[in-house]
Amino acid sequence: MKREHIILAAVFVVLALVPFAAELTGQASWTRLVGQALIYGMAAASLNFILGYGGMVSFGHAAFFGIGGYVVGIMYHHFDAGTAFLGLIPGTDQMLITLPAAILIAGLAAALVGAMSLRTGGVQFIMITLAFAQMFFFLFISLKTYGGEDGIMVRRTNSLPGLNMRDKATLYWVVLGLAAAYYLFLRRLVQSSFGQIIAGIRQNERRMAAMGISTYRYKLYAFVLSGMGAGLAGALMVNFLRFASPDMMHWSRSGELMIMVILGGVGTLAGPFIGAGVLFTLETTLARYTEHWMLPVGIILLLVVMTSKGGLMALLRRLGGKG
Amino acid sequence: MILLFEQLLNGLQYGVTLFLLAAGLTLIFGIMGVINLAHGAFYMVGAFAGAWVSIQTGSFWGGLLAGLAASAIVGIVVELGVMRRLYARDHLDQVLATFALILIFNQSTVLIFGRQPLFTSLPEVFSGSIEIIPGLPYPTFRLFVIAVGLAVAVGLYLLINKTRIGMLVRAGASNRQMVRALGVNIQGLYTAIFGLGALLAGLAGVMASPIVSVQVGMGDEIILATFVVVVIGGVGSVKGAFVAGIVLGMCDTMLRAFLPGLLQQAMPGPEAQALGVGISSMGIYLMMALVLLVRPRGLFAAQG
Amino acid sequence: MTHVLEISGLLKTFGGLTATDHVSLTVDTGEIHALIGPNGAGKSTLINQICGEITPNAGQIHLAGRDITRLPPADRVALGLGRTFQITSLLDDMTVRENLGLAVQAREGGNFRIFDRAAKRAEIWDEVATILKDSALGDRADVTVADLAHGEKKQLELAMALSQRPRLLLLDEPMAGLGHVESQQMIEALLAARGECAMLLVEHDMEAVFALADRISVLVYGRIIAAGNADDIRANPTVREAYLGEEEA
């Protein structure tokens, strides 16, 4: 227990120092890269809650990531144009409003998708979640008001009272703070009474039903919580990149989130963050050397899936256990 | 009216293409219980090999043979090298490993052929069109594609219902353990089915190559529609793949052809266009969601 | 009325096959009612209809006077229906203690709490400790279920079902696959539990049935052909012919 706390604190401090390190070494892109990896880590961690802890293989998780992003984009669009969404809701650039709104809307979307998808299981569940994500993808492509295929530019990052959000480092620390908070939230969640029920459902749904648990309700609640987390990550990403596009919810993005989870370690807390960091670093590093970076990524991924059980977390634990 | 008829034929042609892809996929799915996202890669391999050979030799038929051979060989290699180790894994590992295969296949194709699409010309026999009903000349090649698709459907029906292999396939789709218990060479059967599935996908690729542009990623677009077909039809059911393929092919084509026009009567042009295209792209997914809500295992589910 | 369970005219057909043919039976408070019959007689189908995993074509099921015929499985549990499975069905990656803890938690409620710590809910773990103390599993508490012997899994299933404090416990072949000693242990455990709830016992092991049951019903081809106490059943010529005779032959 103690050791875990020390490691977590150390990792947090190191991550908090990234902007300084970037300035000292002149590698200004570091802050941006680590920030993005943290946000992907949040999205992957939210997926991991249903996938790793709950056993629900959702292949449409990027939809909620994208919806969260679009909430920020659309609110900014109306704020900028001085118009109102559906003629009713005025836009805003206040992060204290946009982030909760993104979480809420993504949660509603997850409730809708989950309520229908969770009636199926197995392969059908994988495919129906993919189908819903595709529907959202094409829905946003067809909304010309919000940029259609091109998406929405958010010229300025949302503001937070008392902070200069135009400063890259400040924005990074906000992201880091939220990522840490989300990590702690998930840590609590999997240890909670609800987390135990979800773990039970993953292992043996029939047994849980025989104990009086209406598994559908619990799975739906988990699905909604997970979608909310992805919505938060998406909202942060749009703030970070100042851009929302349908690509955020493309099916290959859902696949990438799954890769991050597997790579890091299914059903572990830190795994998705590690997986996101590794995949994102791998992609950006390889992309610098070759335009065919997808080939080595594909081969590495294939090797990881074929040879390892438990991803990088299992590897770390093995190393930690021996050393 | 003539326009409608023409679009129906286009839909039929797209439908049989979906069926060719879905037939193999649903068998692989149903018998080996493995999700193969990379099935679209065999379609792409078939299209590229076919197009390249037919450009080099000037013979469509040579290209057809090359496409079939290439996709079947690639399919068998993939089965022996990768899929075989995935049968016992859970769906998650299968999704990821085959997702990795997509990346590998797409980038390898870029390395070999570059990003420029390949264009093939039609053989002499098929370059014209036939006036099916007065006032509607329809390209002969598209009719040929429809005929090939229907012929494969009949062939598969005979194979599955009238042969010993077919008996094993049917038994395997409904009860895997039983086939194992029969002492059949399961490994060989799996490899053969996988090869057959890849071959059919390659056939679809070759058939599509003169109609769509042959380029990297062409498999990714159609594989999602194929999965929709497989799931709606019911995993493991070739009959389901046929029915769902044709219906979806037609619905998708009709929506794309007519919805933007219909919307334009109600709202301004460009927005109607965008919305129409968007909604018609959503159409097949909406259908899948609706079908699964009523029948969670698809229309013709082989397993109970 | 003291019927804990009352089934009337339960009909279930699969295609042309009638699995339960207008079955009626009752289980009274404090009673162990055994249901016997050859394989394929429809016992499992009957159990699954009572649990709610299969919906009958016709007939009613009342639990403590309440019509539960159309309720989903989990709601029946809330009304006091417990069960064990023919093929043990447990949370294999968790320990014995964790399995019991989850069972107690499921009954206690608070299952939607996301900010508490399940491991610190004293009311749950105190009860689990008590259950373990009184059971044969006491020294196996922290063993993962996957590593348990078959007999231990059966015992754990029973303990989990009892921790739900059911009014009625459905036992689907609790003796299946048990050796002689384990069977004796199970019979003792069931006798010890008989004060807590009524039981409907489906079982092939006639020794166990005669040792436990207050009443016995015989199900053959989906129909109850005889009912009564152990002596009635032993003496019943129809039963001997249709069922007991078969076994001896």
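Residue numbering note: each chain is counted from 1, following its sequence as written. Chain letters and ligand numbers both follow the written order, the letters beginning at A and the numbers at 1. Confidence filtering applies because this is a predicted model: local features only for residues at pLDDT of at least 70, side-chain atom pairs given and counted only at 80 or more, and all residues used for totals across whole chains, interfaces and linings. Side-chain numbers here rest on the full set of heavy atoms in the structure, without hydrogens or water.

1. Details of the overall build of chain C
Next up, step 1: Strands are runs of DSSP state E lasting at least 2 residues, helices are runs of H or I lasting at least 4, and numbering of each runs from the N terminus. The helix and strand tally for chain C stands at nine helices and 10 strands.
Next up, step 2: To get the radius of gyration, use the C-alpha atoms; to get the globule rule, take the number of residues to the power 0.38 and multiply by 2.2 Å. Compactness check: chain C gives a C-alpha radius of gyration of 19 Å against a globular reference of 18 Å for 249 residues, within 12% of the reference.
Next up, step 3: By principal-axis analysis of the C-alpha atoms, chain C measures approximately 60 × 40 × 35 Å.
Next up, step 4: The proportion of buried residues among the 249 residues of chain C is 53%.
Next up, step 5: Contacts are residue-level and defined by heavy atoms, with any inter-residue pair within 4.5 Å sufficient. For chain C, long-range pairs separated by at least 24 residues make up 65% of all intrachain contacts whose partners lie at least 6 apart in sequence.
Next up, step 6: Throughout, the Shrake-Rupley method with a 1.4 Å probe supplies accessible areas, and for residues the shown protein chains are the sole cover considered. With an accessible surface of roughly 10,800 Å², chain C has 50% of that area assigned to carbon and sulfur atoms.
Next up, step 7: Put simply, chain C has 23 plus and 36 minus side-chain charges, and the middle of one group is 6 Å from the middle of the other. Think of it in three bands: residues with accessible area under 20% of the maximum for their type are buried, residues over 50% are exposed, and the middle band is partly exposed, with areas taken using a 1.4 Å probe on protein chains only. Note that His is not counted, nor are the chain ends; the positive residues are Lys and Arg, and the negative ones are Asp and Glu. For the purpose of locating charges, the reference atoms are NZ of Lys, CZ of Arg, CG of Asp and CD of Glu.

2. As for the packing of helix H13 (residues 294–307) of chain A against helix H4 (residues 91–113) of chain B
Next up, step 1: To get an axis, fit a line to the C-alpha atoms, keeping to the stretch in contact for a helix; angles then go from 0 to 180 degrees between the N-to-C directions. Following both chains from N to C, one finds H13(A) and H4(B) inclined at 155°, their axes separated by 8 Å at the closest point. Relative to H4(B), the element H13(A) lies roughly antiparallel. Relative to H4(B), H13(A) is oriented so that their crossing is left-handed. Listed contacts from H4(B) to Met294(A), Leu295(A), Val297(A), Gly298(A), Ile299(A), Leu301(A), Leu302(A) and Val305(A) of H13(A) are Asp93(B), Leu96(B), Ala97(B), Phe99(B), Ala100(B), Leu101(B), Leu103(B), Ile104(B), Gln107(B), Ser108(B) and Leu111(B).
Next up, step 2: For this classification, the nonpolar set comprises Ala, Val, Leu, Ile, Met, Phe, Trp, Tyr, Cys and Pro, the charged set comprises Asp, Glu, Lys and Arg, and every other residue, Gly included, is treated as polar. A breakdown of the residues in the contact of H13(A) with H4(B) according to their chemical character gives 15 nonpolar, three polar and one charged. Roughly parallel refers to an angle under 35 degrees, roughly antiparallel to one over 145, roughly perpendicular to one between 65 and 115, and oblique to any angle outside these ranges. When the near helix sits turned anticlockwise from the far one by under a right angle, the crossing is termed left-handed; a clockwise turn instead gives a right-handed crossing.

3. Describing the packing of helix H5 (residues 95–117) of chain A against helix H6 (residues 122–141) of chain A
All names here are of chain A.
Next up, step 1: It is the contact of H5 with H6, at a shortest axis distance of 10 Å, that shows an interaxial angle of 145°. Read as a crossing pair, H5 and H6 show a hand that is right-handed. The residues of H6 that touch H5, namely those facing Ala 109, Val 113, Met 116 and Ser 117, are Phe 125, Ile 128, Thr 129, Phe 132 and Phe 136.
Next up, step 2: Residues belonging to the contact of H5 with H6 are distributed by class as follows: seven nonpolar, two polar and no charged.

4. Points about the pattern of salt bridges
All names here are of chain C.
Next up, step 1: We count a salt bridge whenever a side-chain nitrogen from Lys or Arg sits within 4 Å of a carboxyl oxygen from Asp or Glu. According to the stated counting rule, one finds 23 salt bridges over all chains in the structure shown.
Next up, step 2: One salt bridge in this structure joins Arg 107 and Glu 127, with 2.7 Å as the shortest N-O distance. One end of the pair, Arg 107, is in helix H3 (residues 96–108); the other, Glu 127, is in helix H4 (residues 122–134), with 20 residues separating them in the sequence.
Next up, step 3: On the basis of relative accessibility, which here comes to 14%, the residue Glu 127 falls in the buried class.
Next up, step 4: Of the charged contacts, one joins Glu 123 and Arg 121 as a salt bridge, the two residues approaching to 3.2 Å between their closest N and O atoms.
Next up, step 5: Residue Glu 123 is classed as partly exposed on the basis of its relative accessible area, which comes to 37%.
Next up, step 6: Classification of Arg 121 by relative accessible area gives buried; the value is 6%.
Next up, step 7: Salt bridges sharing common partners tie together Arg 107, Glu 108, Glu 127 and Arg 165.

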